[in-house]
Amino acid sequence: MDLNNTVSIPSLTATNPLVILNKVNKFYGENHVLRDVNTIVNRGEIVALIGPSGAGKSTLCRAINRLETISSGDIFIDGVALPDEGRELATLRADVGMVFQSFNLFAHKTVLENVMLGPVMVRRTKKSDARALALEHLDRVGVADQADKMPSQLSGGQQQRVAIARALAMGPKLMLFDEPTSALDPEMVSEVLDVMLALAKTGMTMVTVTHEMGFAREAADRIIFMADGQIVEEATPTEFFSAPKTTRARDFLQKVLAR
């Protein structure tokens, strides 16, 4: 499929697009939460979604793997239109890792079992291989020594790192992070951001909804600033933080950077 001939790609450099959003709209009743959103995410690119509360950032992030349905428009992942439901959607979700605010670990399973579950149930990986894979990724995020504990025995930061390991164990093409540090105590935020920074340096394609401006400035290749359900600005971190083009973005940065 030649996506350039089938959808209206925004005027960005599509060097190797993995995700394309074309005129995406979302309504909750009469509330228009996403308004004609057009953007691309290239392979290996780190995109930070920032903006005020209620801007539509999390809705957009969740729409990329159909955790939120869209009212109109198109979303393509790796050249394939996002399915509405069924086996095709399950297959796509297996290739898109998702890390939530609230960890979403299975409380009745150990840390190791949580990370093994996806590879065994979805990828049909042998349990012995899934165990080795899970331990590898738990070590990668620095919590291999917690493998036999239950999630309730871990700190919030440790639980979030387990959630990242669980997503990585599926071998995703794309990682989505929906405000992954917002539920953490301040002293735990840095340990999760450090893992995300390390992951960004490996070439993983990442879309991150975040309020952490330091992370966005350091890790992102591109900033998408949203307000009122729309993309207001897209720029490199250097461009966005040093010279935002819109009044809305300048006002936002003045408020968040003054804290």
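Residues numbered from 1 in each chain as written. Predicted model: local features only at pLDDT ≥ 70, side-chain atom pairs only at ≥ 80, totals over all residues. Heavy atoms only, no water.

Novice: Could you give me a rundown of the overall build of the protein, with the residues and numbers involved?
Specialist: In terms of helices and strands, the protein carries ten helices and ten strands. When each of the 259 residues of the protein is scored for burial, the buried share is 53%. Taking all contacts inside the protein whose residues are at least 6 apart in sequence as the whole, residues at least 24 apart take part in 67%. Total accessible area on the protein is roughly 12100 Å²; 47% of this is exposed by carbon and sulfur atoms. Of the charged side chains in the protein, 28 are positive and 31 negative, and the gap between their average positions amounts to 2 Å. (Helix = DSSP H or I, 4+ residues; strand = E, 2+ residues; numbered from the N terminus. Buried < 20%, exposed > 50% of the residue type's maximum accessible area, 1.4 Å probe, protein only. Contact = heavy atoms within 4.5 Å. Areas by Shrake-Rupley, 256 points an atom, 1.4 Å probe, with all protein chains shown as cover. Lys, Arg positive; Asp, Glu negative; His and termini not counted. Charge placed at Lys NZ, Arg CZ, Asp CG, Glu CD.)

Novice: Describe the sheet that holds strand β6 (residues 96–99), naming the residues involved and giving the relevant values.
Specialist: Strand order across the open sheet formed by six strands is β6-β7-β8-β3-β9-β10, with mixed pairing between neighbours. Because the sheet does not close on itself, it has two edges, and the strands there are β6 and β10 (230–235). Within this sheet the neighbouring strands show an average axis-to-axis angle of 15 degrees, counted without direction. The pairing of strand β7 (residues 174–178) with strand β8 (residues 205–209) spans five bridges and is classified as parallel. From the neighbouring strand, M175 faces β8, where its bridge partner is M206. Along the sheet face, helix α6 (residues 156–168) touches β6 and β7 and points at about 170 degrees away from the line of β6. (Pairing = 2+ DSSP bridges. Axes fitted to C-alpha atoms, helices over the stretch in contact; angles between N-to-C directions.)

Novice: I'd like a rundown of the packing of helix α5 (residues 127–140) against α6, residues and numbers included.
Specialist: Their axes nearest at 9 Å, the elements α5 and α6 cross at an angle of 135 degrees. In this view, α5 runs oblique relative to α6, as classed from their interaxial angle. The handedness of the crossing between α5 and α6 comes out as right-handed. In this structure, α5 uses H137, L138 and R140 to contact α6, whose residues at the interface are V162, A165 and L168. Here the contact of α5 with α6 is composed, by residue class, of four nonpolar, one polar and one charged. (Parallel < 35°, antiparallel > 145°, perpendicular 65-115°, else oblique. Left-handed = near helix turned anticlockwise from the far one by under 90°. Nonpolar A, V, L, I, M, F, W, Y, C, P; charged D, E, K, R; others polar.)

Novice: Talk me through unusual backbone geometry; I want residue IDs and the actual numbers.
Specialist: Positive phi is not limited to glycine here, since R66 has a value of about 65 degrees. Mapped onto the elements, R66 comes out in the loop between α2 (57–63) and β4 (72–77). Its identity is not glycine, yet D228 carries a phi of approximately 55 degrees, on the positive side. Inspection of the secondary structure puts D228 in the loop between β9 (222–227) and β10. Judged by its relative accessible area of 48%, D228 is partly exposed.

Novice: Requested: an account of helix α4 (residues 111–121), with residues and values cited.
Specialist: Summarising burial for α4: eight of the eleven residues are buried, a large majority. Taken as a whole, α4 has its buried residues at V111, L112, N114, V115, M116, G118, P119 and V120. Summarising the contacts, the buried residues of α4 are in contact with α5 and α6.

Novice: Before we move on, could you go through the pattern of salt bridges and cite the residues and values that matter?
Specialist: Tallied over the full model, the rule gives ten salt bridges. Two residues, E45 and R222, come together in a salt bridge whose shortest N-O distance is 2.9 Å. Residue E45 is located in the loop between β2 (31–42) and β3 (46–50), and its partner R222 is located in strand β9; the two are separated by 177 residues in the primary sequence. Since its relative accessible area comes to 11%, E45 is described here as buried. (Salt bridge = Lys/Arg side-chain N within 4 Å of Asp/Glu carboxyl O.)

Novice: So, the packing of aromatic side chains: which residues are in play, and what are the values?
Specialist: By the definition in use, this model includes three aromatic pairs. Aromatic side chains F225 and F252 sit 5.2 Å apart centroid to centroid with 50 degrees between the ring planes, which places their arrangement in the tilted category. Separated by 27 residues along the polypeptide, F225 in strand β9 and F252 in helix α10 (residues 247–257) bring together distant segments of the chain. Residue F225 shares its accessibility class with F252, and that shared class is buried. Members of the aromatic cluster, each reached through a chain of ring pairs, are F225, F240, F241 and F252. It is R217 that lies over the ring of F241; its NZ or CZ is 4.4 Å from the centre. (Phe/Tyr/Trp six-rings, centres within 6.5 Å; stacked < 30°, edge-to-face > 60°. Lys NZ or Arg CZ within 6 Å of the ring centre and 35° of its normal.)

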